[in-house]
Amino acid sequence: MKQTYIADVARQAGQEIVIKGWLYNARSSGKLMFLEIRDGSGIIQGVLSKKAVPETVWETAEKLTQESSIIVTGIPREHPKRPGVFELDIAAIELVAVAEPYPITPKDHGIEFLMDHRHLWLRSRRQHAILRVRHEIIRAVRDFFDSNGFILCDTPIFTPAACEGTTTLFEVDYFDDEKAYLTQSGQLYNEATAAAFGRTYCFGPTFRAEKSKTRRHLTEFWMVEPEVAYATLEDTMELAENFLSFIVQRVLENRREELAFLERDITKLEAIKAPFPRLHYDDAVKMLHQGFAEGKLEHKFEWGGDLGAPDETYISEHFDCPVMVHRYPAQVKAFYMEPDAERPELALGVDVLAPEGYGEIIGGGQRMMSLEKLRERIAEHNLPESAFDWYLDLRKYGTVPHAGFGMGIERCVTWICGIEHVRETIPFPRMLYRIRP
Ligand code: 4AD
Ligand code: MG
């Protein structure tokens, strides 16, 4: 008989079906056995009655250990008191493989233990909820750009130069003594594809040799980056707020159950609607000074610096929506940022800070348009001009104002799920002290 996925059992209520999966949990009263079966699409409670099935079926069930693989035949039936919830009256069980004693049991385990067993931990309910939200977000990201005139143009992972500063570069040996770096961002290539196609995006893994052990940093993460020709900082802020509103809306539509399992406060997400507040860096600094005066911040923020995690948290607590902090001092931002025409010491950049203290989820802005100024910046940042010759070409051949941003998928998932740490939002996280499993 053809396999039915647990997610689809409602359609076959009352008919005999076959489920191929694993034993998630079991309890027995001596006459009745309750077997929780999972197949990746969901979990169903199977009910086995000693007197209703042949003895061999009961004996097989008694042999089952947690995570044993099984093929179960039975009839799904709606729970009398819980509409929409199905149970399976089990008629037969085929044992595919008995699992050895499973390391992850229903009791509490420490996080390091769970991370060491990430390849198995992925089978648990919580990880399912988080990774399904991740999938939904990724689907929404693609749908948003695909239906708004953007062309997907993926960018390389081996690159000859730094995009986001030289301190977080992973160097690899390329051929014939040549060095290459794992990409920190597809942006520079996006600028080329945007000049070719108008509106583009790339979406792939990016790498940062982050020496910081925080709950926001991975060394390998997925970033989606749109880039638009003939666009300004203001245009990119508008794009970012529409984009985030769309994503949140989608998750609310399609992943309610998962959010409920994670005990996410849905009202906080329902409040996420464009337009988002915009906060000039100068005003952000005023806000931080106020926070310091009131004893809510430990350090007095100096104008000119980059925002630290406590600063971002403090600012975001003032808003229900993500807040867009714009026009940072050029000195704390990347070399490619267009200066503000009225105050050249400021860069036309924006960071979008998620609410509830989740910090920066998007970074972007308007790109330097002038060939001369870009050359100066590359020199000021001690970057090798030879590695950027092709990038400079973009300013020689039909340069236009252009802008874009990058969003780290894992930061976004962490926020939308309302969880503590970014490490659970990617199947196999890579961090300062972890590249296993
Ligand atoms: O602010 P960042 O460094 O911006 C850029 O890379 C631009 N070139 C993007 C662009 O304009 N096309 O990174 C963008 C986002 C951050 O806001 C954050 O969400 C995520 O990437 N990010 C990280 N996520 C997890 N771990 C890290 N170490 C991250 N570093 C950045
Ligand atoms: Mg940033």
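See the structure above.
The structure displayed is predicted, hence computed values, not measured ones.

Caption draft 1: The arrangement of the overall build of the protein chain in detail. Counting its secondary structure elements, the protein chain contains 13 helices and 16 strands. Within the span of the protein chain, comprising 437 residues, buried residues form 53% of the whole. The contacts in the protein chain between residues at least 6 apart in sequence include a share of 66% that link residues at least 24 apart. Total accessible area on the protein chain is roughly 21,200 Å²; 51% of this is exposed by carbon and sulfur atoms. Side-chain charges of the protein chain comprise 52 positive and 67 negative groups, with the mean position of each set lying 6 Å from the other.

Caption draft 2: Focus on the side chain of Arg434. Here Arg434 lies in the segment after α13 (409-417). Since its relative accessible area comes to 10%, Arg434 is described here as buried. Within polar-contact distance, the side chain of Arg434 engages the side chain of Asp116 at 3.0 Å. For Arg434, the side chain forms a polar contact with the main-chain oxygen of Arg436, separated by 3.0 Å. Apart from the residues within four sequence positions on either side, Arg434 is in contact with Glu112, Met115, Asp116 and Pro429.

Caption draft 3: Up close: the nonpolar core. In terms of nonpolar packing, the biggest core is built from 50 residues, with Ile137, Phe243, Met407, Trp415 and Ile416 touching the most fellow members. Here this core gets ten residues from one element, more than from any other, and that element is helix α6 (residues 233-254). Filtering out sequence-adjacent residues up to four positions away, Met407 remains in contact with Val141, Trp222, Met223, Val224, Phe243, Leu244, Ile247, Ile361, Ile362 and Cys412. In this structure, Ala330, Ala334, Leu383 and Leu392 belong to the second largest nonpolar core, which totals 22 residues.

Caption draft 4: Looking closely at the packing of aromatic side chains. Scanning the entire structure with this criterion turns up 19 aromatic pairs. With centroids separated by 5.5 Å and ring planes inclined at 65°, the aromatic side chains of Phe144 and Phe243 adopt a geometry described as edge-to-face. Here Phe144, found in helix α4 (residues 125-146), pairs with Phe243, found in helix α6; they are 99 residues apart in sequence, far enough to count as distant. Since its relative accessible area comes to 7%, Phe144 is described here as buried. Between Tyr281 and Tyr328, the ring centres sit 5.5 Å apart and the planes meet at 45°, which makes this aromatic pair tilted. Of this pair, Tyr281 sits in helix α9 (residues 281-293) while Tyr328 sits in the loop between β13 (323-326) and β14 (349-354); the two residues are 47 residues apart in sequence, bridging distant segments of the chain.

Quick notes on the rules
Residues numbered from 1 in each chain as written. Chains lettered and ligands numbered in written order. Predicted model: local features only at pLDDT ≥ 70, side-chain atom pairs only at ≥ 80, totals over all residues. Heavy atoms only, no water. Helix = DSSP H or I, 4+ residues; strand = E, 2+ residues; numbered from the N terminus. Buried < 20%, exposed > 50% of the residue type's maximum accessible area, 1.4 Å probe, protein only. Contact = heavy atoms within 4.5 Å. Areas by Shrake-Rupley, 256 points an atom, 1.4 Å probe, with all protein chains shown as cover. Lys, Arg positive; Asp, Glu negative; His and termini not counted. Charge placed at Lys NZ, Arg CZ, Asp CG, Glu CD. Polar contact = N/O pair within 3.5 Å; in protein donor to acceptor, adjacent residues only side chain to side chain. Core = buried A, V, L, I, M, F, W, Y, C linked by side-chain atoms within 4.5 Å. Phe/Tyr/Trp six-rings, centres within 6.5 Å; stacked < 30°, edge-to-face > 60°.

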